[in-house]
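Tertiary structure, described
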Amino acid sequence: MPRPEFQAPPEIFYNDSEARKYTTSSRIIEIQSKISERALELLNLPNDGVPRLLLDIGCGSGISGETLSENEHHWIGFDISQSMLDVALEREVEGDLLLADMGQGLGLRPGVIDGAVSISAIQWLCNADKSSHEPIARLKAFFGSLYRCLTRGARAVLQLYSDNASQSEMIMKAAMRAGFAGGVVVDFPHSTRARKTYLVLTCGSSSMQTSLPKGKGEDRESCSDDDDDDDERDVDDKQTVGIYDRHRLSKRMKITKKGKGKAWVIKKKNQMRNKGYSVPPDTKYTARKRKACF
Ligand SMILES: C[S@@+](CC[C@H](N)C(=O)[O-])C[C@H]1O[C@@H](n2cnc3c(N)ncnc32)[C@H](O)[C@@H]1O
């Protein structure tokens, strides 16, 4: 089954029936809640019992936001899918909900938000769903507005499923250009199924001293998700990497590639053809190396 991002734009993919199916799956609830708890942990808010004002970007039907409420925080949820937000309203989630496209910027006042999480959403920004969509410009609008609305020293933890190393690099570059410092934390890097990738970003100059948390399971510690998480995404990030300065991504960020060559691409294309998908013919350009930046 192709990934949701490859099937339709998010506001179309997450229609009424998909939004309901998503929110009634106990398996999805369990996985998304675990990821949200980990994102909140990586946010590293002061442990002083004071509720904070947080963002949940791509909040969907409110599963991730519920983790924020359970920890007594206030939150504002952004989502592009009316159907997902309708389900969130029906479920009476405690956050304030906004129907908005994060790729157009968040439009919030500067310096008012104490932290942000985003669970399984920002990879959608790498798609060009309309002729007017330019992923690099949309990432710039998103990260620029996120940086501006956060208080200095606040963190944003964005869990994502990136398609390949150049996509991860494009996302990190946009974050660094906006002014963030930080890097990538990969939990359970040795498990295809349980591996989860988080961008841990810090806003403002104090961020230069921030050390990046260690990913879980880097030393093959066991993971209960290993057998039951079938949200198997093909993420190329294999290690925890830190970037502590703007504009220095290519020097500091070394993401290993899996080395998928032409034979692998042709095999995958044949598999898609056998499943009845329309796939472009194989040519001498198939699987050619593209530049990471356009
Ligand atoms: C896999 S769901 C995750 C929902 C929620 N965070 C959770 O953990 O259950 C991804 C969500 O991202 C939203 N999304 C995708 N692209 C978006 C965009 N450009 N702006 C706002 N939301 C977007 C989708 O509509 C969808 O609700």
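Residues numbered from 1 in each chain as written. Predicted model: local features only at pLDDT ≥ 70, side-chain atom pairs only at ≥ 80, totals over all residues.

An unreviewed UniProt entry lists the protein chain under the name 18S rRNA (Guanine-N(7))-methyltransferase, from Platanthera zijinensis. The Sequence similarities (unreviewed entry) field of the UniProt record for the protein chain holds the comment "Belongs to the class I-like SAM-binding methyltransferase superfamily. BUD23/WBSCR22 family." (UniProt positions renumbered as here; feature names shortened; annotations may be inferred.)

1. Considerations on the site of the ligand
Near the ligand lie 20 residues; those nearest to it are Pro 10, Gly 58, Gly 60, Ala 121 and Trp 124. Its residues assigned to classes, the shell around the ligand comprises 11 nonpolar, 7 polar and 2 charged. (Near = placed C-beta within 6 Å. Nonpolar A, V, L, I, M, F, W, Y, C, P; charged D, E, K, R; others polar.)

2. Let's talk about the nonpolar core
Core analysis: the largest hydrophobic core is formed by 64 residues, its most contacted members being Ala 39, Ala 116, Val 157, Ala 175 and Leu 199. Excluding residues within four positions of it along the chain, Val 157 makes contact with Ala 39, Leu 42, Leu 43, Val 117, Tyr 198 and Val 200. (Core = buried A, V, L, I, M, F, W, Y, C linked by C-beta atoms within 7 Å. Buried ≥ 20, exposed ≤ 12 C-beta atoms within 10 Å, placed from the backbone. Contact = placed C-beta atoms within 7 Å.)

3. What about the pairing of strand E1 (residues 53-57)?
Summarising burial for E1: 4 of the 5 residues are buried, a large majority. Between E1 and its parallel partner strand E2 (residues 74-79), the chain crosses via helix H5 (residues 63-70), and the hand of that crossover is right-handed. Inspection of the sheet shows E1 paired to strand E4 (residues 113-119) by 3 bridges, in the parallel sense. Looking at E4, one finds that Asp 56 is bridged to Val 117. (Helix = DSSP H or I, 4+ residues; strand = E, 2+ residues; numbered from the N terminus. Right-handed = clockwise from strand over helix to strand, strands pointing away. Pairing = 2+ DSSP bridges.)

4. Concerning the packing of helix H4 (residues 26-43) against H5
Running from N to C, H4 and H5 cross one another at 50°; their axes reach a closest spacing of 8 Å. Taken as axis vectors, H4 and H5 run oblique relative to one another. The way H4 lies across H5 gives a crossing that is right-handed. Judged by residue contacts, Ile 29, Gln 32, Ser 33, Ser 36, Glu 37 and Leu 40 of H4 engage Ile 63, Ser 64, Thr 67 and Leu 68 from H5. Of the residues belonging to the contact of H4 with H5, the class tally is 4 nonpolar, 5 polar and 1 charged. (Axes fitted to C-alpha atoms, helices over the stretch in contact; angles between N-to-C directions. Parallel < 35°, antiparallel > 145°, perpendicular 65-115°, else oblique. Left-handed = near helix turned anticlockwise from the far one by under 90°.)

5. Section: helix H8 (residues 165-178)
Within an α-helix, residues lying three or four positions from one another point in the same direction, as the helix has 3.6 residues per turn. The end-to-end C-alpha separation of H8 is 20 Å, in line with the 20 Å expected for 14 residues at 1.5 Å each. Every buried residue of H8 is listed here: Ser 168, Met 170, Ile 171, Met 172, Lys 173, Ala 174, Ala 175, Met 176 and Ala 178. Looking one or two residues beyond H8, the residue adopting positive phi is Gly 179, at roughly 120°. (Expected span 1.5 Å × (residues − 1).)

6. With respect to the environment of Ile 266
Summarising the element assignment, Ile 266 is placed in helix H10 (residues 262-274). When the C-alpha atoms of Ile 266 and Thr 283 are compared, they prove to be 10.0 Å apart, with 17 residues separating the residues in sequence. Once residues lying within four places of it in the same chain are set aside, the contact partners of Ile 266 are Asp 282 and Thr 286.

7. Remarks on the environment of Asp 79
As for its position among the elements, Asp 79 is in strand E2. Separated by 68 residues in the primary sequence, Asp 79 and Glu 11 place their C-alpha atoms 8.8 Å from one another. Those residues within four positions of Asp 79 in sequence are excluded, and the remaining contacts are Gly 58, Cys 59, Gly 60, Met 84, Leu 85 and Leu 99.

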